[in-house]
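# Coordinate inspection notes
The lines below spell out each chain.
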Amino acid sequence: MPSFDIVSEIDMHEVTNAVDQAKKDLATRWDFKNVEATIEHDDKGITISAEQEFQLEQLMDMLRMAFAKRKIDARALSEDGESKSGKLVKQHLLLKQGIETDMAKKIVKLIKEAKLKVQASIQGDKVRVTGKKRDDLQTAIALLKETELEIPLQFNNFRD
């Protein structure tokens, strides 16, 4: 029986490359000359820091641009909270991977409401969609691509 998996994953190697590119952009920007601003990447996420609030927004835009150049969906970033320490304002960004249960239920409900001839089931942090015909599965993929969800989705493990 044909099937495919709906997942939300990001290539961590590409994230590292995007952060490095954003750091290079930061080093060459004249408006950040003599300004204490950093972009740091670790296992948990990305931390950006700057002296002013508007500079933090500019750093965020630079990071989004670097993500776009590397074909990483910016929806994979979620803001974890802002903190002020001394003269710096810091923003921690989490990298979202996997589909949470609430989002998985929303995806399954969306597929069922479309009355497609497929079955969707939640399996851990992914959703498996099965159907009798390949065309039905492709219709389900097209439906999910049209729908604006808060997380980036990838479709893999397509079996015929």
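Residues numbered from 1 in each chain as written. Predicted model: local features only at pLDDT ≥ 70, side-chain atom pairs only at ≥ 80, totals over all residues. Heavy atoms only, no water.

### Some points on the packing of helix 1 (residues 12-28) against helix 2 (residues 53-69)
Packing of helix 1 against helix 2 leaves a shortest axis separation of 8 Å and a crossing angle of 130°. With respect to their mutual orientation, helix 1 and helix 2 come out oblique. For the element pair helix 1 and helix 2, the recorded crossing hand is right-handed. Facing Val15, Ala18, Val19, Gln21, Ala22, Asp25 and Leu26 of helix 1, the residues of helix 2 in contact are Leu59, Met62, Leu63, Ala66, Phe67 and Lys69. In the contact of helix 1 with helix 2, the residues fall into 10 nonpolar, one polar and two charged. (Axes fitted to C-alpha atoms, helices over the stretch in contact; angles between N-to-C directions. Helix = DSSP H or I, 4+ residues; strand = E, 2+ residues; numbered from the N terminus. Parallel < 35°, antiparallel > 145°, perpendicular 65-115°, else oblique. Left-handed = near helix turned anticlockwise from the far one by under 90°. Contact = heavy atoms within 4.5 Å. Nonpolar A, V, L, I, M, F, W, Y, C, P; charged D, E, K, R; others polar.)

### So, the confidence of the model for the chain
With 100% of its residues at a pLDDT of 70 or more, the chain shows a mean pLDDT of 90. Per-element confidence in the chain ranges from a low mean pLDDT of 81 for strand 4 (residues 77-85) to a high of 93 for helix 1. (pLDDT = per-residue confidence, 0-100.)

### Overview of the sheet that holds strand 7 (residues 126-131)
The four strands lie next to each other as 6-7-1-8, forming an open sheet whose pairing is antiparallel. Each edge of the open sheet carries a strand with a single partner, namely strand 6 (118-123) and strand 8 (154-159). Strand-to-strand, the axes of this sheet are offset by a mean angle of 20°, without reference to chain direction. Strand direction decides the pairing type here: strand 1 (residues 3-7) and strand 7, joined by four bridges, are antiparallel. Each residue of the ladder has a partner; that of Phe4, found in strand 7, is Val129. Relative to the sheet, helix 3 (residues 101-113) contacts strand 1, strand 6 and strand 7, its axis offset from that of strand 6 by approximately 175°. Its contacts with the sheet place helix 4 (residues 134-146) against strand 1, strand 6, strand 7 and strand 8, and it is angled at close to 175° to strand 8. (Pairing = 2+ DSSP bridges.)

### Some points on helix 2
Since there are 3.6 residues in each turn of an α-helix, residues three or four apart along the chain are aligned in direction. With 17 residues, helix 2 ought to run about 24 Å at 1.5 Å a step, and its terminal C-alpha atoms sit 25 Å apart, in line with that. Turning to helix 2, its buried residues number three or more, namely Gln55, Leu56, Leu59, Met60, Met62, Leu63, Ala66 and Phe67. Each buried residue of helix 2 sits inside an arc of 160° when the element is viewed along its axis, so together they form one side. Exposed positions of helix 2 whose direction lies more than 90 degrees from the buried face are Phe54, Met65, Ala68 and Lys69. Tucked inside the fold, the buried residues of helix 2 contact helix 1, strand 2 (38-41), strand 3 (45-50), strand 4 and strand 5 (88-95). Positive phi shows up at Lys71, right after helix 2, with a value of about 60°. (Expected span 1.5 Å × (residues − 1). Buried < 20%, exposed > 50% of the residue type's maximum accessible area, 1.4 Å probe, protein only. Arc of directions from axis to C-beta.)

### A closer look at the sheet that holds strand 5
Strand order in this open sheet of four strands is 2-3-5-4, and the pairing throughout is antiparallel. Edge strands, defined here as strands with exactly one partner in the open sheet, are strand 2 and strand 4. Going from strand to strand, the sheet's axes swing by 20° on average, the running direction of each strand aside. Both strand 3 and strand 5 contribute to a ladder of six bridges, which runs antiparallel. Within strand 5, the position partnered with Thr47 by the bridge is His92.

### Comments concerning unusual backbone geometry
Look at Asn34: it is not a glycine, yet its phi comes out positive at around 60°. Tracing the backbone through its elements, the reader meets Asn34 in the loop between helix 1 and strand 2. Relative accessible area serves as the criterion here: at 78%, Asn34 is assigned to the exposed category. Positive phi, normally seen in glycine, also occurs at Lys71, with a value near 60°. Along the chain, Lys71 falls in the loop between helix 2 and strand 4.

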